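# What the coordinates show
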Amino acid sequence: MSETRAPTPTERGGAGGESVRRFLARPAAPALAFLAVLLVAFTLANDRFLTASNLESIVDSVAVLGIIALAVNQVILCAEIDISTGSMLGLCAIAAGAVSLSTGGILLPLLAGVAVGALAGAINGALVTLGRIPAIIVTLGMLYALRGVILLVTGGTWITGVPEPTRFLGTGKVLGISVPVLILFGLFLVMELVNRHSTWGRNVFAVGGNRVAARFAGLPVNRVRFVAFTLVGVFVGIASMIYLGRAGSVQTNTGVGLELQAVAAVVIGGTSISGGRGSSLAALTGAVLIGVILNGLILMGVPGIWQDAVLGGLILLAVATDVLRRRLVGDKA
Amino acid sequence: MSEEGKEIGRGMEQPTNIGSGTATGDGSPPLFQLAGVTKRFGGVVAVRDVDFDLRPGEVHALVGENGAGKSTLMKIVDGLYAPDEGRLEVGGQPAEFSSPRDAEAAGIAMIPQELDLFPELSVAENLFVGRKRPRTRWGGLDRNAMRAEARRRLGSLGVDLDVTARVKRLSAANQQIVAIARALVGDARAVVMDEPTSSLTDREARQLFRIIEELTSGDVGVVYISHRLEEIFEIADRTTVLRDGRLITTAPASELDAEELVRLMVGRPLNELFSRHPHDPGEVALEVRGLTREGEFADVDLTLRRGEILGLAGLVGAGRTELAQAIFGIRPPEFGEILVDGEEARIRSPQAAMDRGIFYVPEERRSQGLILPFSIKNNITLSILDRISRFGFVPWSERQTADRFAKELSIRGAEMSDPVARLSGGNQQKVVVAKSLAREPSVLLLDEPTRGVDVGAKSEIYRLIDDLAREGKAILLISSELEEVLSMSDRILVMREGRITGEFEREGATQERVMTAATGGGDGSNDKGEESGDE
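Cut-offs used in this document
Residues numbered from 1 in each chain as written. Chains lettered and ligands numbered in written order. Predicted model: local features only at pLDDT ≥ 70, side-chain atom pairs only at ≥ 80, totals over all residues. Helix = DSSP H or I, 4+ residues; strand = E, 2+ residues; numbered from the N terminus. Rg over C-alpha atoms; globule rule 2.2 N^0.38 Å. Buried ≥ 20, exposed ≤ 12 C-beta atoms within 10 Å, placed from the backbone. Contact = placed C-beta atoms within 7 Å. Pairing = 2+ DSSP bridges. Axes fitted to C-alpha atoms, helices over the stretch in contact; angles between N-to-C directions. Domains from an automatic or database assignment. Nonpolar A, V, L, I, M, F, W, Y, C, P; charged D, E, K, R; others polar. Expected span 1.5 Å × (residues − 1). Parallel < 35°, antiparallel > 145°, perpendicular 65-115°, else oblique. Left-handed = near helix turned anticlockwise from the far one by under 90°. pLDDT = per-residue confidence, 0-100.

## A few points about the overall build of chain A
On a plain count of helices and strands, chain A comes out with 15 helices and two strands. The C-alpha radius of gyration computed for chain A amounts to 20 Å, which stays within 12% of the reference 20 Å derived for 333 residues, consistent with globular compactness. For chain A, the spread of C-alpha atoms along the principal axes amounts to about 60 × 55 × 35 Å. Here chain A holds 333 residues, and the buried ones make up 50% of them.

## Considerations on the overall build of chain B
When its secondary structure is counted, chain B shows 20 helices and 20 strands. A compact globule built from 535 residues would reach a C-alpha radius of gyration of about 24 Å, and chain B, at 25 Å, matches this within 12%. Its C-alpha atoms put chain B at 75 × 50 × 45 Å along the principal axes. Evaluated residue by residue, chain B yields a buried proportion of 47% over its 535 residues. Pairs at least 24 apart in sequence give 70% of the contacts found in chain B among residues at least 6 apart.

## What to know about the sheet that holds strand β19 (residues 491-496) of chain B
Residue and element names in this part refer to chain B. Overall, mixed pairing links the six strands, which are arranged β16-β17-β18-β13-β19-β20 in an open sheet. Sheet topology places β16 (358-361) and β20 (499-505) at the edges, where each strand pairs with a single neighbour. Each neighbouring strand pair of the sheet contributes to a mean axis angle of 20°, computed without reference to strand direction. Bridge analysis of strand β13 (residues 309-314) against strand β18 (residues 474-478) gives four bridges, and the strand direction is parallel. Its bridge partner lying in β18, Leu312 is registered against Ile478. Strand contacts of helix α20 (residues 511-519): β13, β19 and β20, with the helix running at about 30° to β19, the strand carrying the most contacts.

## Concerning the domain arrangement of chain B
Residues and elements named next belong to chain B. Domain annotation of chain B identifies domain 1 (2-13 + 31-272), domain 2 (280-357 + 441-519) and domain 3 (368-440). Computed over C-alpha atoms, the centres of domain 2 and domain 3 are 24 Å apart. The interface is formed by 12 residues belonging to domain 2 together with 12 residues belonging to domain 3. Take the side of domain 2 that touches domain 3: its biggest share by element is five residues, from helix α18 (residues 455-470). Partitioned by chemical class, the residues of the side of domain 2 that touches domain 3 number eight nonpolar, two polar and two charged.

## Some details on the sheet that holds strand β11 (residues 284-293) of chain B
Residues and elements named next belong to chain B. The strand order across the open sheet built from four strands is β12-β11-β14-β15, with neighbouring strands paired in antiparallel fashion. The strands lining the two open edges of the sheet, one partner per strand, are β12 (297-305) and β15 (343-345). Taking the axes of each pair of neighbouring strands and ignoring which way they run, one obtains an average angle of 20° across the sheet. In terms of strand pairing, β11 meets β12 through six bridges, oriented antiparallel. Paired with Glu287 across the two strands is Thr303, which belongs to β12. Against the sheet, helix α11 (residues 320-327) makes contact with β11, β12 and β14 (335-340), and its axis sits at roughly 115° relative to β11, the strand it touches most.

## Considerations on the interface of chain A and chain B
Tallying the contact residues gives 21 residues for chain A and 27 residues for chain B. The set of elements that each furnish at least two residues to the side of chain A that touches chain B consists of α10 (199-209) and α11 (211-216) of chain A. Residue composition of the side of chain A that touches chain B, by class: 10 nonpolar, seven polar and four charged.

## Considerations on helix α9 (residues 179-197) of chain A
In an α-helix there are 3.6 residues to a turn, and that puts residues three or four apart on one side. For α9 of chain A, with 19 residues, the first-to-last C-alpha span of 27 Å sits near the 27 Å given by 1.5 Å per residue. When α9 of chain A is considered as a whole, its buried residues turn out to be Val179, Pro180, Val181, Ile183, Leu184, Leu187, Phe188, Met191, Glu192 and Asn195 of chain A.

## Some words on the packing of helix α13 (residues 258-269) of chain A against helix α14 (residues 280-299) of chain A
Residue and element names in this part refer to chain A. Where α13 meets α14, the closest approach of the two axes is 7 Å, and the angle between their N-to-C directions is 110°. On the basis of their axis angle, the class for α13 and α14 is roughly perpendicular. At the point where α13 passes α14, the crossing takes the right-handed sense. For the pair α13 and α14, contact is made by Gln261, Ala265, Val266, Ile268 and Gly269 and by Ala282, Ala283, Leu284, Thr285, Gly286, Ala287, Leu289 and Ile290, respectively. Class assignment for the residues of the contact of α13 with α14 results in nine nonpolar, four polar and no charged.

## Brief notes about the pairing of strand β9 (residues 238-243) of chain B
All names here are of chain B. Counting buried positions along β9 yields five of six residues, so the element is predominantly enclosed. For strand β3 (residues 59-63) and β9, the ladder comprises four bridges, and the chain directions are parallel. Opposite Val63, over in β9, you have Val241 as the bridge partner. Bridging between β9 and strand β10 (residues 246-252) involves six bridges; their strand directions are antiparallel. Residue Thr239 lies in a different strand from β10, and its bridge partner there is Ala251. Linking two consecutive strands that pair antiparallel, namely β9 and β10, is a turn of two residues; a positive phi of about 50° is found at Asp244 within it.

## Points about helix α2 (residues 70-77) of chain B
Residue and element names in this part refer to chain B. Within α2, eight of the eight residues are buried, leaving the element largely enclosed by the surrounding structure. Among all positions in α2, only Lys70, Ser71, Thr72, Leu73, Met74, Lys75, Ile76 and Val77 are buried. Downstream of α2 by one or two residues, Gly79 has phi in the positive range, about 85°.

## Examining the environment of Ala509 of chain B
Residue and element names in this part refer to chain B. On the secondary structure map, Ala509 appears in the loop between β20 and α20. Look at Ala509 and you get buried, because 22 C-beta atoms sit within 10 Å. Along the chain, Ala509 and Ile492 lie 17 residues apart, while their C-alpha atoms are 7.5 Å from each other.

## Some details on unusual backbone geometry
All names here are of chain B. The backbone phi angle of Asp244 is positive, close to 50°, even though this residue is not glycine. The residue Asp244 is located in the loop between β9 and β10 in this model. Of note, Phe391 is a non-glycine position whose phi angle comes to about 55°, a positive value. Turning to its location among the elements, Phe391 is positioned in the loop between α15 (385-388) and α16 (398-408). Under the C-beta neighbour-count criterion, Phe391 is labelled exposed, with 7 such atoms within 10 Å.

## Some remarks on the environment of Pro350 of chain B
On the secondary structure map, Pro350 of chain B appears in helix α12 (residues 350-355). Through-space distance from the C-alpha of Pro350 of chain B to that of Arg331 of chain B is 9.2 Å; in sequence the pair is 19 residues apart. Apart from residues lying up to four places away in sequence, Pro350 of chain B is in contact with Arg215, Phe216 and Gly218 of chain A together with Phe328, Gly329 and Ile330 of chain B.

## A closer look at the packing of helix α5 (residues 85-103) of chain A against helix α7 (residues 135-154) of chain A
Residues and elements named next belong to chain A. At a minimum axis separation of 8 Å, α5 and α7 run at an interaxial angle of 25°. With respect to α7, the axis of α5 lies roughly parallel. As for how α5 packs across α7, the hand of that crossing is left-handed. Residues Gly86, Ser87, Met88, Gly90, Leu91 and Ile94 of α5 lie in contact with α7, whose contacting residues are Leu143, Leu146, Arg147, Val149, Ile150, Val153 and Thr154. Residue composition of the contact of α5 with α7, grouped by class: eight nonpolar, four polar and one charged.

## Some details on the environment of Leu32 of chain A
Its location among the elements puts Leu32 of chain A in helix α2 (residues 29-45). Sequence separation of Leu32 of chain A and Leu289 of chain A is 257 residues, and the distance between their C-alpha atoms is 8.5 Å.

## Comments concerning the confidence of the model for chain B
Residue and element names in this part refer to chain B. Summing up the model confidence of chain B, the mean pLDDT is 83 and the portion of residues at 70 or higher is 90%. Of the regions scoring below 50 in pLDDT, residues 522-535 engages in 22 contacts with residues more than four places distant in sequence or in other chains. Taken together, the chains of this predicted complex give a pTM of 0.76 and an interface ipTM of 0.83.

This is the structure in structure tokens:
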């Protein structure tokens, strides 16, 4: 396998049977193919779709989701789950917003958001590994607990009037490209590098592929999972700055529903919900796919009430194509 | 398990016709017959062009090494697999089974090695799971009728068990009996027993033989799969030998002696299978004193020297695996001490054991030894990533390291970047061993290192073990195959019910002496086994 560098979505799908097979063997293949089909379809259906500004705005709109999905992806690769990210984003944004209101700037609010996220993620990780409580229970509890903390901290009021410098990560542009898009792709590249070449990244796949064998091989199974949960917190903290910049305010219900969207993006992208198989490209593709569909529906004038139904259908379709693809490739794992 | 659950549901709505009554008469038409059967899994041929039949009232022994195709063949009879070629006939009629339920309806029952009973249900309930159960007038379960029927069935086998007892409370022997009775409730005419005595004591095995006699006198046919050759000579009428998926011979049991049988199974004389050079045991590498873990093993002492192969024999469930895993820190012991190179070592995790130079090669290759979605390379380097990596990143030299060990163990059949699942069982096992060797341990705990491995790979693994001992590694060889332990070890320890019950120098070890220590039989052969073996 070409382990030398991260493939980008556009250069895949080469000629020749072998490269087609190799492409199909990739976890993100069905999602990428589906994404290509959708891009063509929406372009034909609406001439405002395929413009640089619309495409950028699509990626821009899924930056928060995509960054969180990149980290949740690692947890799912470990054969664990994290459904606490919705409330976590809310709390991180409040921490970042509050610091911003008193100090301004970027760095201190970012540190505050990341610190709060990392703490919450570390608690998740500690409860799952040391406490030996199933992750679905731990993070479900965390989801409610953090929402409760949000209400207690804010007393139900919004944070508004975030100063302009702080909002740069959400609204700024560098070299003509929006900062959220840059952050999303930057983190994507980092995670691809980590999964392909770092010890921890390799161990994530090992722990998710066979936890018992990983333990018998002397891998630090608990540490690997703990780091994955903490990483979610860190990435949620980063994402909260983008959210804060884009919205300029934080509500008590910020991030509601995001936790399941992140899981959906990972699974739609092609990472196996049972762990051990997948890639960061899968998580990114899944998030972008969600963005494209929602954007396309709006452009085509489909009422917003259809969004959830379409998203649900997409998840089921993703699972179905994954089963099909595995049969095609003859992959029984 | 879930299969079974579904069957209960189906059984209640639509009671199937149990006991189709295709009586084969007194003649010799077989109960079932396999003709020219071939079964492939991917590219691997598990069974090739095999004929096999079972006559009423006979015990037909099926022998062969692990991976010879015995289980595959019987799973075809049981409806779990469909043959790729050849046909299955039941009572002279061609039959196609799509599930064990079909086989059962045709009067064929399988009693697997790992009994498929429901431990939380009572004996009586187990007998009726998936079957038409007696009903009261109101449509509820008629428990009294069930218990009475259960007692009658067990009585016909000459056993008296409390039918209301939960199955998990029964001894291994009695569970075996319940499984047999369960087959009979389904009016089985042909019963397949896979290693029924593997977890029984000598006396319990006697009782089982009596029950088998009971069955065959009632014209039931029994297919008997076992590794214990003595048993086969004792009870079998005919013997079929499989090797590497092929039929070697089917002959009346009286025409084969033990030596001949082993030669047929292995394909060559035993002394050519095993490799052995003189070892030169050095100083003590591992010492264990009074090691205890409640319910698993108690008060175990052992010493293991450099350059020594210490065999650890015993029955399945004797606590050998638990002991090895405790030494490796997977499940730390509650009492006792472990000394490595004469120093006390507190080993609470596999990492700690590895840091002390101990490595454990687990018995379950697929579930404990390999990361199946991983490539061969990534599996080999799994345990050394932390050693070879720089600043948390895996260096390019990983590839060469993996290549070196793949070559050393002559792993064949796929590219290094292919998924490890693509390899044959024997080569997969070599990957597991390569992974441990990459860590350069001084003490190796090998748990059933040749289970499910073909003869060729077996012989290679034996040579490797011998080489490792000559290099000065201390090796603990856990094995349920007596020949393996006797042929490979410098010294042999025997465990029974969690305790060391025998120690033999190589010269003084015989099959009989080791087996006696393993089963606690003492002069077990004099027992008539009148008691029902409860403990």
